[in-house]
Structures are given as structure tokens and as C-alpha cells.
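Chain and residue survey
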Amino acid sequence: MECTIEEDLGVKWMKVKGRIDGLTSGEVRRQMNDLINQGHRIFIAELGDVHYISSAGLRVFLEAQKQLRNVEGEIFLFGLAGAVMKAFEMSGFLTLFKTISSREEVEAALKPEDTSSSVESREVMGISFHRIQREGSPSDLKIVGSQEGIRFSGYKEADVVTLAANDIQYGFGLAALGDEYEEYKNLFGEGLVLNRSLFFYPAAKHPVADFMLCAQASSNPEYRFLNGARFSGPFHHVLSFESGEEPVEIARLIHALFEFSKGNVLGVVFLAASRGFWGMNLRKSPVSENRPGNGKDIFDPTNFPEWMNFPVEPGEFNHIIACAGIAVRDRAAARAEIAGLLPEGSPFHMHGAVFPKSPLSKEVVQFEKELNRVVNELEVSKVQHVLGQSKFGSGMAGLIELRD
């Protein structure tokens with residue numbers, strides 16, 4: 001069997017020759033997964049030169065089609081005929097695919113629907129964007145707790161801020177779940193709230209991400225925070241972005257996002273495919289009982305390795321990263337409590353949750369739907385503070401203009 005990838009009519013063609021069975025289907029699966037992980041949502045499988053396909057081969061196409069349908073994508077089957085056509089028919093799979101037999105049909109199938117004339121296409125700093133702008137007044141950014149306790153691990157029970165899920169649509173900070181302080185005080189770690197659902201990474205020796213989903217407004221769990229910030233929608237700008245051949249660092253992406261807003265402070269929520277994620281997290285909860293015995297702060301070189309899990313190389317390639325945080329255009333112009341949320345030398349503070357490798361929709365109109373799908377259906381593995389070296393391929397973002 002031969003399996004090659006070419007490009008024509010603006011899409012990828014996977015051209016297969018020979019036999020697709022239990023011995024060869026693994027290579028077909030690998031090629032399709034590579035296309036999906038590279039961000040392609042529609043591609044064509046040219047099967048005119050395939051003379052036999054077993055159920056093992058059929059299953060590979062079905063698996064990929066299911067992945068792509070979740071993100072408004074599709075595999076088109078080109079040149080299907082003879083025994084291969086019959087195999088698709090007998091399995092009942094043919095109804096799940098669109099079959100095409102000419103270039104004219106390909107062009108017609110690829111012609112985009114006129115979904116909305118309000119979608120703006122624009123390139124900024126080498127990044128291709130599609131944007132939908134919505135009307136609305138700026139929202140309030142609300143500070144949660146205080147940053148003062150973290151440096152010397154000085155937080156006490158009185159510093160805990162309890163927030164009901166309905167009071168925090170999007171947010172980030174040091175968070176935990178639990179009813180009794182003695183039970184959760186040593187668990188405070190990087191937290192992230194997306195659509196009122198909390199994800200956090202306990203500051204434990206062997207952390208495992210925990211979460212509380214809040215899919216309905218009628219449920220209203222309580223979250224514990226030591227510090228952070230929260231903000232609410234609706235989004236004033238919804239964008240999809242594509243970095244091209246080279247992935248884009250988040251610092252450059254954030255800079256580019258300000259080209260779509262005149263405000264100084266943005267609430268940013270985004271989903272993206274990682275091309276090398278850099279994230280850090282606490283190893284210990286910064287409560288007073290854990291205060292360093294040497295009198296130095298937790299960021300001092302003598303304490304830093306014990307307190308911080310800091311990456312030496314990027315990870316989570318091709319995983320979905322879901323983030324929420326704030327970005328500031330001009331730090332000097334922001335009020336002190338907002339500037340105090342920003343790490344030194346950085347224009348943003350953002351936490352990200354790592355989800356499994358999975359295709360994401362590239363349609364800007366699908367952003368809220370995709371966010372809900374990722375939050376409610378996929379399994380989170382960690383939550384970390386996002387560092388500026390993190391790189392992404394394609395993704396989508398929702399921007400909320402915040403009062404400064």
C-alpha cells in the first residue's frame with residue numbers, strides 16, 4: 001500500500017493505492033491523525049486506486065470522521081468504486097460520508113456557505129484572524145482576595161474568599177475545593193474558571209487535576225480562592241486564528257489581539273492547539289503553616305525549586321489548552337490593583353488547563369459551542385500558570401473589554 005499527501009484546490013488530498021487492511025490501516029490512521037493534528041478539518045481521501053478494504057480499514061475512516069464531525073469537519077471520499085464502494089455500502093458506513101467523483105464536485109463541496117457577512121478577515125503580526133464583533137459596554141474586572149500572602153506563604157483561613165459558581169463566569173487564581181479549611185488548606189493551587197466550572201491543580205507531591213462542573217445555572221457550587229480575578233461576558237470580540245507554518249508564541253498572540261480592541265484591559269478566554277506548552281505550578285500551598293523556615297520568600301533561589309514546578313522544556317504538543325486571564329496594553333496606565341496581578345515583565349496573567357489531543361473547530365462562530373464541549377466532555381490533566389514561551393498553532397478566542 002502507498003499513502004501520500006498532496007494539496008490541490010486549497011485542501012489536502014490523501015491518495016491511497018493498493019490494499020487497506022489490518023496490516024496497512026495503521027499507516028492510514030497515522031496520516032489522517034497527522035492531518036487532523038496539523039489543524040486540517042476538511043480533507044479528501046482519494047481511493048480510486050484502492051482495490052480492497054477490510055473492516056479494519058473501514059474503522060479507521062469512521063474514527064477520523066467522528067473526530068472531525070465534532071468540530072464541523074469532514075472527510076470526502078473521492079473516486080470510490082467497485083469492491084471498495086460495496087464494502088462501504090455493506091457496512092452501512094457509506095451514509096456517513098460524502099462521495100465525490102469529479103473536480104467540479106470537489107469545488108462545489110468546498111464552497112463555503114454564506115454564514116455571516118459580519119465575519120472580518122485580517123492578518124496581524126503574521127497571524128491570520130477571522131473576527132465577529134459584538135456590541136456591548138465594557139465589563140467589570142473584580143479582584144479576588146489579595147496577592148500579598150503568596151510571596152512569604154502567609155495566607156490564613158481568614159484570607160479565603162468563597163465564591164459561588166454563579167458569581168464567577170471566567171476567572172483565575174489560587175483555588176481549591178472543599179468544605180472545611182483544615183481539609184483543603186494544603187491543596188491551594190493554580191485554578192481556572194470557564195463558564196462557571198472550576199478546574200484546579202492541587203499543590204500536592206503527586207498532583208492530579210480536580211474540577212467541579214457547573215453546566216446549569218440551577219447548580220451553584222462554592223469555590224475557595226486565596227487570590228485571583230474574575231470577569232463576565234458576553235464577549236465583545238470572538239476570533240479564530242491561524243499561525244501558518246510557524247507556531248505563534250502567546251506573548252505575540254496577546255499583542256496582536258489588542259489590534260481588535262481600543263481598551264487597555266482585556267479579559268481573554270481561548271482554546272488552542274499546543275505546539276509546545278510552557279506552564280508552571282506551585283508544589284506547596286502558600287498557607288502560613290508552610291512558610292519557609294529560612295525567612296526568605298518562596299521565589300528566592302534557595303526556595304524556588306522546592307516551591308515551584310518550573311519547566312525546562314515545552315510539553316503537551318498537540319493537546320488542547322483552554323485558558324482564561326487578563327491582558328493589559330499599557331501596564332503603566334492600568335490602576336495599581338490590576339497591574340499588581342501581572343507577573344514582572346509580562347503584559348498578561350493567564351491560567352491554562354491541559355486537555356487531551358483532539359481536533360478543534362476552526363469556525364469562529366463555533367467558539368462558545370467548542371468551549372462548552374471541551375469543558376464538559378474532555379478530561380483535564382493539569383492546570384498551570386501560562387508562560388510567555390508557550391506556542392500555539394490554530395485556535396479561537398473570546399475577548400471581553402474590561403473597565404480600567
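First, a word on scope: everything that follows refers to the structure included in this document. (Residues numbered from 1 in each chain as written. Predicted model: local features only at pLDDT ≥ 70, side-chain atom pairs only at ≥ 80, totals over all residues. Heavy atoms only, no water.)

Overview of the packing of helix 1 (residues 25-37) against helix 2 (residues 55-69)
- At a minimum axis separation of 9 Å, helix 1 and helix 2 run at an interaxial angle of 15 degrees. Overall, the two elements helix 1 and helix 2 adopt an arrangement that is roughly parallel. For the crossing formed where helix 1 meets helix 2, the hand is right-handed. Residues Ser25, Val28, Arg29, Met32, Asn33 and Ile36 of helix 1 form the contact with helix 2, whose own contacting residues are Ala56, Gly57, Val60, Phe61, Glu63, Ala64, Gln67 and Leu68.
- Here the residues of the contact of helix 1 with helix 2 are counted per class, giving eight nonpolar, four polar and two charged. (Axes fitted to C-alpha atoms, helices over the stretch in contact; angles between N-to-C directions. Helix = DSSP H or I, 4+ residues; strand = E, 2+ residues; numbered from the N terminus. Parallel < 35°, antiparallel > 145°, perpendicular 65-115°, else oblique. Left-handed = near helix turned anticlockwise from the far one by under 90°. Contact = heavy atoms within 4.5 Å. Nonpolar A, V, L, I, M, F, W, Y, C, P; charged D, E, K, R; others polar.)

Structural notes on the nonpolar core
- In this structure, Leu141, Leu194, Phe231, Val269, Leu271, Ile326 and Phe355 are the most contacted members of the largest nonpolar core, which totals 38 residues.
- Secondary structure elements with two or more residues in this core: strand 10 (170-176), strand 11 (189-194), strand 14 (222-231), strand 17 (265-274), strand 20 (319-328), strand 21 (348-357), helix 9 (367-377) and strand 23 (391-402).
- Ranked by residue count, the leading element in this core is strand 20, at five residues.
- Among residues more than four places away in sequence, those in contact with Val269 are Tyr170, Leu194, Phe231, Phe235, Cys323, Ala324, Phe367, Leu371, Met396, Ala397 and Gly398.
- Within the second largest apolar cluster, 30 residues are counted, among which are Val144, Ile168, Tyr181 and Phe188. (Core = buried A, V, L, I, M, F, W, Y, C linked by side-chain atoms within 4.5 Å. Buried < 20%, exposed > 50% of the residue type's maximum accessible area, 1.4 Å probe, protein only.)

A word on the packing of aromatic side chains
- Within this structure, the stated rule accounts for 14 aromatic pairs.
- Judged by centre distance (5.8 Å) and plane angle (90 degrees), the ring pair of Tyr181 and Tyr184 falls under edge-to-face. With a gap of three residues between them, Tyr181 and Tyr184 both fall in helix 5 (residues 181-184), about one helical turn apart. Considered together, Tyr181 and Tyr184 belong to a single accessibility category, that of buried residues.
- Geometrically, the ring pair formed by Phe270 and Phe392 is edge-to-face, given 5.4 Å between the ring centres and 85 degrees between the ring planes. One end of the pair, Phe270, is in strand 17; the other, Phe392, is in strand 23, with 122 residues separating them in the sequence. With respect to class, Phe270 is no different from Phe392; both count as buried.
- Among the aromatic side chains, those forming a connected cluster through ring pairs are Tyr170, Phe231, Phe235 and Phe367. (Phe/Tyr/Trp six-rings, centres within 6.5 Å; stacked < 30°, edge-to-face > 60°.)

So, to be careful, I would describe these as geometric facts and stop short of saying anything about function.
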